[in-house]
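# Remarks on the overall topology
The residues making up each chain are set out below.
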Amino acid sequence: MPLPKRWLTSLMCRCNGKNILIDCGEGTQLAIKEAGLLFKPIDVICITHFHADHVSGLPGLLLAMGNADRTKELTMIGPKGLKKVVNALRVIAPELPFEIKFVEVNDLEKEIQFDDFRIKAFRVNHRVTCYGYTVEVDRSGKFDVERAKALDLPVQYWSHLQKGETVKYQDKTYTPDMVMGEDRKGIKVCYTTDTRPTQSIIDNAMNADLFICEGMYGEEEKITNAKEHKHMLFFEAANLAKEAEVKEAWLTHFSPALIKPEMFMEETKKIFENIVAGKDGMKKEIKFEE
């Protein structure tokens, strides 16, 4: 449940002018405003599962986006039944000036490619069908000017090869691999919540720049409760971060009874040092390595 200084679950990722929202709990509109962000230009909304604390903010957000004169199509990604659930919630926001494109996930994994990034949904283990998400920005290799010159291809065609396009010039075909080096490390953010630890989390969080994971309880004696309700303890999330060899981890989705999650961080850091207890409004800018 929301607390006076803690909204419900939501994450905003921004990349090359595109905005990706993952989950939309109660109060997400206010959280977006407090963070100094805008909700009109959201391009994609991903939903992990259909429990109210992850979707109850959707009707108001969609209505606000419509009232802001948005006309661009919105893509929504989520478990099977997404369209039915969203349209049911839209009873109180029935008229929108933009279309919604629904991408329903029914497999263990599904990857959706966009112009500047790709999103991957992967199944986790909760009481209802639930997915984690990775958002990845790929990075091509360096353009080799000397190799391009050696091809005797006019300069005006170089940019096409750099963009991954094939070029035909004077009865010859030129492909990007002729002038581009090997792909470089991109950027990867992994987000998962409402789940027991799974191998799918480790596999998909592997080498992530940022791993955001639920930590419902800090007390190890809550393990029985966590298993019963399909949630996770701090030390379990830290173990996942360690096994996936992520650069940094944030804990989120705390129990409302967990008023001071920082109390448990000393022990948690013994498992994985670069892990912090998340707070509303936390931000991080992730850049390419070089």
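Look up: the structure comes first, before these words.
In what follows, the accompanying structure is described. Note that the coordinates shown come from a computational prediction; the quantities given were computed from them, not determined experimentally.

This part is about the overall build of the protein chain. When helices and strands are counted, the protein chain shows ten helices and 14 strands. In terms of overall dimensions, the protein chain has a C-alpha envelope of 70 × 50 × 35 Å along the principal axes. Put simply, the protein chain has 290 residues, and 48% of those count as buried. Within the protein chain, counting contacts between residues at least 6 apart in sequence, those at least 24 apart form 64% of the total. A total of about 15,300 Å² of accessible surface is found on the protein chain, and carbon and sulfur atoms cover 50% of it.

This brings us to the packing of aromatic side chains. Taken as a whole, this structure holds five aromatic pairs when the rule is applied. Measuring from centroid to centroid gives 5.3 Å for Tyr 157 and Tyr 169, while their planes differ by 50°, and the two rings are tilted. Placement of Tyr 157 in the loop between helix H5 (145-150) and helix H6 (158-162) and of Tyr 169 in strand E9 (residues 167-169) is noted, with a sequence separation of twelve residues between them. Of the residues examined, Tyr 157 reaches a relative accessible area of 25% and is grouped as partly exposed. Note on Phe 234 and Phe 254: the rings are 5.8 Å apart at their centroids and 45° apart in plane angle, and the pair reads as tilted. Linking Phe 234 in helix H9 (residues 234-243) with Phe 254 in the loop between strand E13 (249-252) and helix H10 (265-271), this pair joins segments that are 20 residues apart in sequence. This pair shows no difference in class: Phe 234 is buried, exactly as Phe 254 is. One aromatic cluster is present, built from ring pairs that chain together Phe 234, Phe 254 and Phe 264.

Another point: the side chain of Thr 28. Looking at the element boundaries, Thr 28 is found in helix H1 (residues 28-34). We classify Thr 28 as buried; its relative accessible area is 3%. In contact with Thr 28, other than residues within four places in its own chain, are Thr 9, Ser 10 and Leu 21.

Here we come to the sheet that holds strand E3 (residues 42-46). Here five strands make up an open sheet; going across it, the order is E1-E2-E3-E4-E5 and the pairing mixed. Taken across any chain shown, the strands that pair with only one partner, and hence form the sheet edges, are strand E1 (11-15) and strand E5 (100-105). Neighbouring strand axes in the sheet, compared pairwise and without regard to direction, differ in orientation by 20° on average. Direction of pairing for strand E2 (residues 18-22) relative to E3: parallel, over a ladder of four bridges. Bridging across to E3, Asn 19 finds its partner in Ile 42. Against the sheet, helix H3 (residues 58-67) makes contact with E2, E3, strand E4 (74-79) and E5, and its axis sits at roughly 165° relative to E3, the strand it touches most. Taken strand by strand, helix H4 (residues 82-89) contacts E4 and E5, and its axis lies near 135° from that of E5.

Bringing the environment of Cys 13 into the picture now. You can see Cys 13 is positioned in strand E1. As for Cys 13 and Gly 181, which are separated by 168 residues in sequence, their C-alpha atoms are 28 Å apart. The contact partners of Cys 13, leaving out residues within four places of it in the chain, are Lys 18, Asn 19, Ile 20 and Val 135.

What follows concerns H9. All of the buried residues in H9 are Phe 234, Glu 236, Ala 237, Ala 238, Leu 240 and Ala 241. Each element contacted by the buried residues of H9 is listed here: helix H7 (199-205), strand E12 (210-214), helix H8 (223-229), E13, H10 and strand E14 (275-277). Trailing H9 by a residue or two, Glu 245 shows a phi angle of about 55°, which is positive.

Now for the pairing of E2. Among the five residues in E2, four count as buried, and that is most of the element. Here E1 pairs with E2 via five bridges, running antiparallel. Looking at the pairing, Arg 14 lines up with Asn 19 of E2. Between E1 and E2, which pair antiparallel one after the other, the connecting turn spans two residues, and Asn 16 there sits at a positive phi close to 50°. Taken together, E2, H1 and E3 form a β-α-β motif whose crossover is right-handed.

One non-glycine residue, Asn 16, lies in the positive phi region at around 50°. Assignment of secondary structure puts Asn 16 in the loop between E1 and E2. You can call Asn 16 exposed: its relative accessible area is 58%. With a phi close to 55°, Asp 194 is a non-glycine residue in the positive phi region. Under the relative-accessibility criterion, Asp 194 is labelled buried at 2%.

About the criteria used
- Residues numbered from 1 in each chain as written.
- Predicted model: local features only at pLDDT ≥ 70, side-chain atom pairs only at ≥ 80, totals over all residues.
- Heavy atoms only, no water.
- Helix = DSSP H or I, 4+ residues; strand = E, 2+ residues; numbered from the N terminus.
- Buried < 20%, exposed > 50% of the residue type's maximum accessible area, 1.4 Å probe, protein only.
- Contact = heavy atoms within 4.5 Å.
- Areas by Shrake-Rupley, 256 points an atom, 1.4 Å probe, with all protein chains shown as cover.
- Phe/Tyr/Trp six-rings, centres within 6.5 Å; stacked < 30°, edge-to-face > 60°.
- Pairing = 2+ DSSP bridges.
- Axes fitted to C-alpha atoms, helices over the stretch in contact; angles between N-to-C directions.
- Right-handed = clockwise from strand over helix to strand, strands pointing away.

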